[in-house]
Amino acid sequence: MRAWALRLFAVLMAAFLLVTACGQRPVRIGFAGPLTGPYSDLGVHGRNGAQLALEEINALGGVAGRRLELVVQDDGGTEDGAVEAIAKLIQARVVSIIGHMTSAQSIAALPVAQEAGMILLSPTTSTPELSGIKDVFFRIQPSTDTAAMVLAEYAALDMGLDRIASVRDEANQGYSAPFHHAFAQEFQVHGGDIVLELTVKSRDYPDWLKVAEALNKIDPQAVLFILSARDAAALAQAMHLKGQFLPVISSGWAMTDELFTAGGRTVEKIIFAGHTFRQKPSEAYSRFEQHYRERFGHWPSFAARYAYDALHVMALGLERTQGSRNGLAEALSKIRDYPGLDWPITIDAYGDTFGPIFVTMVRDGQFTTLKKIPKRQGQ
Amino acid sequence: MTPLSLSTLLRRYLALRMLLPGVLLVLVVAALLGWHRWLEVQRAQNQQALLVSEYVAIYLRFSSEVVNMLVAVDPELGFSQVTASYREHSQAFERIILLSDHGAVLQAYPPVGTLLDYSRLLPDRQTESHRASKISSPYMAPLSNNLTVSLFSHRLDGRLVVGELNLLTLQNFIAGLGYDTQGKLVFITDRFGNVLAHPDRTVVDQQANLGDLVPVSRALRGATGFLGVHAMQDSRYLFSASPVRGGEWFVFTAWNAQKQFFGVLVMLALFVITLHVLLLIAVRLLRRKLELEVSGPLQLFAQAMDRLEHGEERNGKKSLPLSAPFRELDLLQSRFLDMTTAIEQRERELRQSEERFRDLAGALPESVFEMNLYCVLTYVNQKILSRFGYTRKDVSSGLNLMDLAVVKERKMLFKHAEKVVRDEQMGPLEFTALTKDGRTFPAQLHCAAILVQGLPYGVRGFIIDMTHTIEEQGQRLAMERQMLHTQKLESLGVLAGGIAHDFNNLLAAIQGNLDLALMTVPKDSTGYARIRQADSAVRRASELTRQMLAYSGKGRLQVQHVDLSEFVRENLAMLQAVISKTVTLDLRLEEGLPLISADFGQLQQVVMNLITNASEAMNTQPGTMTVSTLARECDALFLSRSRILEKPDPGRYVMLEVRDTGTGIDERTMERLFDPFYTTKFTGRGLGLAAVQGIVQGHGGAIIVESEPGRGTLFQVLFPVTRDIVATFEHSSAEEELPEAFQVSDQPQGMVLVVDDEVMVRELCVEALEFLGYQSMTAVDGEDGVRVFREYQEHISCVILDLTMPKMNGVAALQAMRSIRPDVKIILCSGYNEQEATRNFLNDAPTAFLKKPFAVKELSTLLKRMMGKD
């Protein structure tokens, strides 16, 4: 009699554990980004955006009946940090990773991820170096050279510039170099010329006044910034100090709130070309912004938006694979016209995406769209 | 499966009974302790949160006061000094900035470098506040990687004094008091969950937002105090929250649940261990006690019972302790002792009964056995072992009843036993017993079921060896047959004798008359020749009757003393005439043989018959006949082989042996060899050997026959040696002498009384007597004869007395006459031979004997002798 009861008890316990374990085991998604360091704005916003998306999905029941869990790793904005972060996330047995936020880190981390077969979905990496390769790298940010080309075209044609200087951050070579190259090429096509190329290393706390002075000497028509928001703001401030009020065109990299907080009014009238934002935000967009602000106490930047979209896309892929890593790449490659906050996202077989390019300008502390160029085929 | 010991059972019972309450107790205690600790933790944690939040509030207030104070300072006059001086003594603020109303940086300590525009910083970060100073949400301080929060206050002239708090002090404070070995930590967030201070610096550096934690979100929504147990960093923590007054911050305390209750668990564990140990000790002690008082005595009791089982009653009783430790055992023991006594008594009685049986069974001359229902022998007496050749070991290895019978009859035996067991009344069973070495003997089985309380338990019985019985039976049967046979022969003999006797009388009459006629008739007359022929014929006829009488043992004997060897030699010619040409005669006649008393004629018959038989036995092929004579001593054993029923006494005998090498005699023929009218010869009458037997018997001898078919036959005829020699007479030749015409006296010779019941014999005698010159008287029978004798005894000189007469036979008449006149001369006249006839006269013997038929000359001679004796 006793033996019977014991056995029953054991069976019930086992069943219970089994059920609960199966049901309760969350799907762990990794997030790798610069939470500290000069690009921390991207990382923090990106993380928060992903977190918000995750909380929304969990509130609706999760993915394949399982909760999502975000495992966050700081990559410090460095290549080494990126590799370490990826390694730690792989060790933590996440099913996939949202990251990195910058091209340099993505390029550095990719081999590690590739070896482990770990999907890297970057919200913001736009380096063309990772385009057209069938690997574990996916992104929802179109390749940056198209934006560079659009900017160059706009600068040449719309702004009538033909003599400009450029300042770029070497620390994010993967982004800045291709952008600069693409811009220069296009600019040349339209008869323009970059008369001065300046490079800085963001981590080394560049002397922005010196940079501003250097610009003064040449006296270009405009300056091209390929800098982070903070650096752009700092340089803008410096230029104002030096009494330079040149038009500034910039890569989309600097299009975060940080620009405003760090730059204040000095960043007015900077022109960007990027894949960001429309003039009239959609309802989803407004809702997102509201939620984000309520949740985190500040307005979201593009990093937050992209990361938000990225996590949703990832969740969609995982839904198809029932929360498993197996077949995730195929699932992601099949994403067609996912309604992103900014534009519908389609990922191709190489993990790349395409989208329209917006030419925006800072006006009264806001990014306003000047021009929209729809996505081109073969970009 | 053997049952467990009582001691084990009790201990297990106790353990279980103590265990369950023990477990319950532990659970109750655990619950109580846990509950107590829970409340304690809640209280303490909440306390901590309150204290910290109080501190933070003070910190904020103080910082605000500084900002407010700086606001009051004239910016042109003393702002920078005051600020610089302040910053030298206090690290509370990272930077103090004076901004224009547009947000442009006017003064900054330490300087901000190129950062001139703070305009975007503050409006976005503004939080609602009713106080003079406002507080911003956290942001990365420009030019440093530190998280900071600005306290700012508007001056009357519209300028702003901004103090960027050095949150590191808060950080250090938190780190200092928060994370200790007990797993407690304190952290501070803004109203969005952005971490402002955390024991782990990186959490702050990474601008972490903990709004996803349940307790944090609850606190942000207004819950305060103890917020329950939640997971954080893969552990479970107890959370409490307390809002910071005047800042819209929240202080959280998180205590590691495991570590908080660890102490409780340890205590519980100790308690459980102690309980368990106490339980073990108790059970151990109980075990000792149980062994001493229960198991031990019970085992002793069991041993005593075991001894009883093995028959050691006394030892069993002795091994019990005097008193039992508990009542039930005491009762058991006393009953056990009673039982033991009763068993002892019964055993004794049983043994006695057993001994009686064994003695009886051992003494019986028959095989006694007992077997179980499987027919396996459980007891056998010595007779069975000796008769069947088995050993005790054979029996104990499972010998069964069927083994004692031949294979063919085993089933029958089994069925018989079965019926016996089923209580069917069964008589004895005849079967063929089989000994161990394969010999068989006839046996008879008697058995009956052994019943125990009315139910069959086995079979008990005995086996009788029927060998002797059957032999005896066989012998008896043989003897009976023999007797019948002999009786038959005797009766035949009597018959033959009777006929021969009567016939003889007639012949006597014929012969007498013919004699007389021959005397009276002239010799040269034709009648004379015819009478002579008739006379010869009558003589031959009387020879035949003599043979018959001889066979019957009653023939007339002319006893003479004979040397057998001489006899054979003298009769050789005659003998050889009988022997066939192909037979070789081998004579071995011993010289100087003792004389025997024998009748010549009869002896001739014997010899003739034997030789004839021997010769005819060799008629198919040449052979040798050996005729031997010898004298020998014969003992009873030898004489017992005689074919004559009456065996002669042991002594000296003369033996005639006739051996042939002929066909021999088979067993069947041997049996009937001396039967009258039994013959193997085609032309035989079957009287030959019968006559021989009769003759030899009459001579008081013996005949022994040995034969083997194909080998030949040996006849041994024994004649007793004569004791007293009587004067020998000259033997007469074969041919009878003619009766001479002899002189008849004229003188009256005397009176002779003739007593005979046969009228012709009487008349013949009278005539003969007359012829011879005697006077005669007659009587018709014994009675008449005695009467006449009595009357005329003075005149009667001699009596001729017949033996066989009605009314009074010759024996009685003689006795009567002798009693009248003892010296009277009586001639016994009979057809029987002398020996036979005179046998019956015990005391008084007749003076002489005359055999019928007799010649007148014989009568004359005898009478002369009789008279001459006067």
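Only a predicted model underlies this, so the values are computations on that prediction, with no experimental measurement involved.

J.: Got a minute to help me understand the overall build of chain B in this structure?
T.: Helices and strands together make up the secondary structure of chain B, namely 25 helices and 29 strands. Here chain B holds 870 residues, and 35% of them are scored as buried. Considering only contacts in chain B between residues 6 or more positions apart, those separated by 24 or more positions represent 62%.

J.: I'm lost on the overall build of chain A in this one. Help?
T.: Check the secondary structure of chain A and you find 12 helices and 14 strands. In chain A, buried positions account for 56% of the 379 residues. Here the analysis covers contacts within chain A between residues at least 6 apart in sequence; of these, 70% occur between residues at least 24 apart.

J.: I keep staring at the environment of Val27(A) and nothing clicks. Help me out?
T.: Residues and elements named next belong to chain A. Within the secondary structure layout, Val27 lies in strand β1 (residues 27-33). Looking at Val27, the number of C-beta atoms within 10 Å reads 26, which means it is buried. Placed 43 residues apart in sequence, Val27 and Leu70 show a C-alpha to C-alpha distance of 8.6 Å. When sequence neighbours within four positions are dropped, the list of residues in contact with Val27 reads Val63, Arg66, Leu68, Glu69, Val95, Leu318 and Gly323.

J.: Is there a simple way to think about the packing of helix α22 (residues 782-792) of chain B against helix α23 (residues 810-820) of chain B in this case?
T.: A packed helix pair is summarised by two numbers, namely the angle formed by the two axes and the spacing between the axes. Residue and element names in this part refer to chain B. Contact geometry of α22 with α23 gives a least axis separation of 9 Å together with a crossing angle of 15 degrees. Between α22 and α23, the interaxial angle falls into the category roughly parallel. Of the two elements, α22 crosses α23, and the hand of that crossing is right-handed. Residues Gly782, Gly785, Val786, Phe789 and Arg790 of α22 lie in contact with α23, whose contacting residues are Gly810, Ala812, Ala813, Ala816, Met817 and Ile820.

J.: Honestly, the pairing of strand β6 (residues 163-169) of chain A in this entry has me stumped. Any pointers?
T.: On a regular strand, each side chain points to the face opposite its neighbour's, so the side chains alternate between the two faces of the sheet. All names here are of chain A. Counting buried positions over the seven residues of β6 gives six, a clear majority of the element. Direction of pairing for β6 relative to strand β7 (residues 193-200): parallel, over a ladder of seven bridges. Each residue of the ladder has a partner; that of Arg168, found in β7, is Thr199. In this fold, β6 hands off to helix α6 (residues 173-189), which returns the chain to β7; that crossover is right-handed. In terms of strand pairing, β6 meets strand β8 (residues 222-226) through five bridges, oriented parallel. The residue bridging Ala165 from the neighbouring strand is Val223, located in β8.

J.: Where do I start with the interface of chain A and chain B in this structure?
T.: Buried accessible area, meaning the area lost when the parts come together, often serves as the stated size of an interface. If you look at the interface, chain A gives 27 residues, while chain B gives 24 residues. At the level of secondary structure, the elements contributing two or more residues to the side of chain A that touches chain B comprise α2 (40-59), α7 (208-218), α8 (229-241), α9 (257-263) and α10 (283-296) of chain A. A breakdown of the residues in the side of chain A that touches chain B according to their chemical character gives 10 nonpolar, 13 polar and four charged.

J.: Got a minute to help me understand the confidence of the model for chain B in this structure?
T.: Should pLDDT be low for a region, the predicted coordinates there are not to be read in detail. Residue and element names in this part refer to chain B. Summing up the model confidence of chain B, the mean pLDDT is 82 and the portion of residues at 70 or higher is 91%. Segment residues 124-131: pLDDT under 50, and 16 contacts once partners within four positions in sequence are set aside and those in other chains are kept. This stretch, residues 726-741, has a pLDDT under 50; its non-local contacts, to residues over four places away or in other chains, come to 15 contacts.

J.: I'm lost on helix α25 (residues 856-868) of chain B in this one. Help?
T.: An α-helical turn contains 3.6 residues, so a residue and the one three or four places further along point in the same direction. Residue and element names in this part refer to chain B. Over its 13 residues, α25 runs 18 Å from end to end, which matches the ideal 18 Å to within 8%, given 1.5 Å per residue. Taken residue by residue, α25 has Val856, Leu859, Ser860, Leu863 and Met866 as its buried positions. One side of α25 holds all its buried residues, which, seen down the axis, span an arc of 130 degrees.

J.: Quick question: what am I supposed to make of helix α12 (residues 410-421) of chain B here?
T.: Residue and element names in this part refer to chain B. For α12, spanning 12 residues, the distance from its first C-alpha to its last is 16 Å, which sits close to the expected 16 Å at 1.5 Å a residue. Residues of α12 that are buried include every one of Leu413, His416, Ala417, Val420 and Val421, and no others. Angularly, the buried residues of α12 cover 140 degrees about the axis, an arc narrow enough to put them on a single face. Structural note: α12 exposes Lys411 and Lys415 on the side pointing more than 90 degrees away from its buried face.

J.: Can you walk me through the sheet that holds strand β5 (residues 137-139) of chain A in this structure?
T.: The strands that make up a sheet are held in pairs by hydrogen bonds between backbone atoms, and each pair lies either parallel or antiparallel. Residues and elements named next belong to chain A. Pairing is parallel across the open sheet formed by five strands, whose spatial order is β2-β1-β3-β4-β5. Of all strands in the sheet, those bounded by a partner on one side alone are β2 (68-74) and β5. Ignoring strand direction, the axes of neighbouring strands in this sheet form an average angle of 25 degrees. Two elements, β1 and β2, share seven bridges in a ladder whose sense is parallel. Within β2, the residue paired with Gly30 across the bridge is Val71. Contacts from α2 reach β1, β2 and β3 (96-99) within the one sheet, and its direction differs from that of β2 by about 170 degrees.

J.: Help me understand the nonpolar core, please; the structure alone is not making it clear to me.
T.: Note on soluble globular proteins: their nonpolar side chains tend to be buried together. Leu120(A) and Leu235(A) are the most contacted members of the largest nonpolar core, which has 115 residues in total. For this core, the element with the most residues is helix α11 (residues 302-320) of chain A, which contributes 12 residues. Residues from two domains meet in this core; each of domain 1 (22-142 + 280-347) and domain 2 (145-274 + 360-373) of chain A gives at least three. With residues up to four places along the chain from it excluded, the contact list for Leu235(A) reads Val167(A), Trp208(A), Val211(A), Ala212(A), Phe225(A) and Leu227(A). Formed by 60 residues, the second largest nonpolar core is a distinct cluster that contains Ala49(B), Ile97(B), Leu99(B) and Met140(B).

J.: Explain the sheet that holds β7(A) to me, please; I cannot follow it from the model alone.
T.: Residues and elements named next belong to chain A. One open sheet accounts for seven strands, arranged β7-β6-β8-β9-β10-β13-β14; its pairing is mixed. The outermost strands of the open sheet, each flanked by one partner alone, are β7 and β14 (366-373). Between one strand and the next, the sheet's axes are offset by a mean angle of 25 degrees, whatever the strand orientation.

J.: I keep staring at the packing of helix α1 (residues 6-72) of chain B against helix α7 (residues 257-309) of chain B and nothing clicks. Help me out?
T.: Residue and element names in this part refer to chain B. Interhelical geometry of α1 versus α7 gives an angle of 165 degrees and a closest axis separation of 9 Å. With respect to their mutual orientation, α1 and α7 come out roughly antiparallel. Relative to α7, the crossing made by α1 is right-handed. Taken together, the residues of the contact of α1 with α7 sort by class into 24 nonpolar, five polar and four charged.

J.: Sorry if this is basic, but what is going on with unusual backbone geometry here?
T.: Outside of glycine, negative phi angles account for most residues, and trans bonds account for most peptide bonds. In this structure, His100(A) follows Gly99(A) across a cis peptide bond, with omega equal to -15 degrees. Position of His100(A) relative to the elements: it lies in the loop between β3 and α4 (103-116). Of note, the amide linkage connecting Tyr109(B) to Pro110(B) takes the cis form, showing an omega dihedral of -5 degrees. Of note, Pro110(B) is situated in the loop between β2 (105-109) and α3 (121-125). The phi dihedral of Asp219(A) falls on the positive side, at around 60 degrees, and the residue is not glycine. One can find Asp219(A) in the loop between α7 and β8. The backbone of Gln207(B) shows a phi angle near 55 degrees, a positive value even though the residue is not glycine. A tally of 22 C-beta atoms within 10 Å means that Gln207(B) is categorised as buried.

J.: Help me understand the environment of Glu164(B) in this model?
T.: All names here are of chain B. Residue position: Glu164 is located in strand β7 (residues 160-165). Using a count of 24 C-beta atoms within 10 Å as the deciding quantity, one classes Glu164 as buried. For the pair formed by Glu164 and Tyr139, sequence separation is 25 residues and the distance between their alpha carbons is 9.8 Å. Look past the residues within four positions of Glu164 in its chain and what remains in contact with it is Phe93, Glu94, Arg95, Ala141, Thr148 and Ser150.

J.: When you look at the pairing of strand β10 (residues 271-274) of chain A in this model, what are you seeing that I'm missing?
T.: All names here are of chain A. Side chains Ile271 and Ala273 of β10 all project onto a buried face; the interleaved residues Phe272 and Gly274 project onto the opposite face, where all are buried too. Across three bridges, the pairing between strand β9 (residues 248-251) and β10 is parallel. Paired with Ser251 across the bridge in β10 is Ala273. Read as a crossover between parallel neighbours, the route from β9 over α9 to β10 is right-handed. Where β10 and strand β13 (residues 357-363) come together, four bridges link them in antiparallel fashion. Counterpart to Phe272 in the pairing with β13 is Thr360.

Analysis parameters
- Residues numbered from 1 in each chain as written.
- Chains lettered and ligands numbered in written order.
- Predicted model: local features only at pLDDT ≥ 70, side-chain atom pairs only at ≥ 80, totals over all residues.
- Helix = DSSP H or I, 4+ residues; strand = E, 2+ residues; numbered from the N terminus.
- Buried ≥ 20, exposed ≤ 12 C-beta atoms within 10 Å, placed from the backbone.
- Contact = placed C-beta atoms within 7 Å.
- Axes fitted to C-alpha atoms, helices over the stretch in contact; angles between N-to-C directions.
- Parallel < 35°, antiparallel > 145°, perpendicular 65-115°, else oblique.
- Left-handed = near helix turned anticlockwise from the far one by under 90°.
- Pairing = 2+ DSSP bridges.
- Right-handed = clockwise from strand over helix to strand, strands pointing away.
- Nonpolar A, V, L, I, M, F, W, Y, C, P; charged D, E, K, R; others polar.
- pLDDT = per-residue confidence, 0-100.
- Expected span 1.5 Å × (residues − 1).
- Arc of directions from axis to C-beta.
- Core = buried A, V, L, I, M, F, W, Y, C linked by C-beta atoms within 7 Å.
- Domains from an automatic or database assignment.

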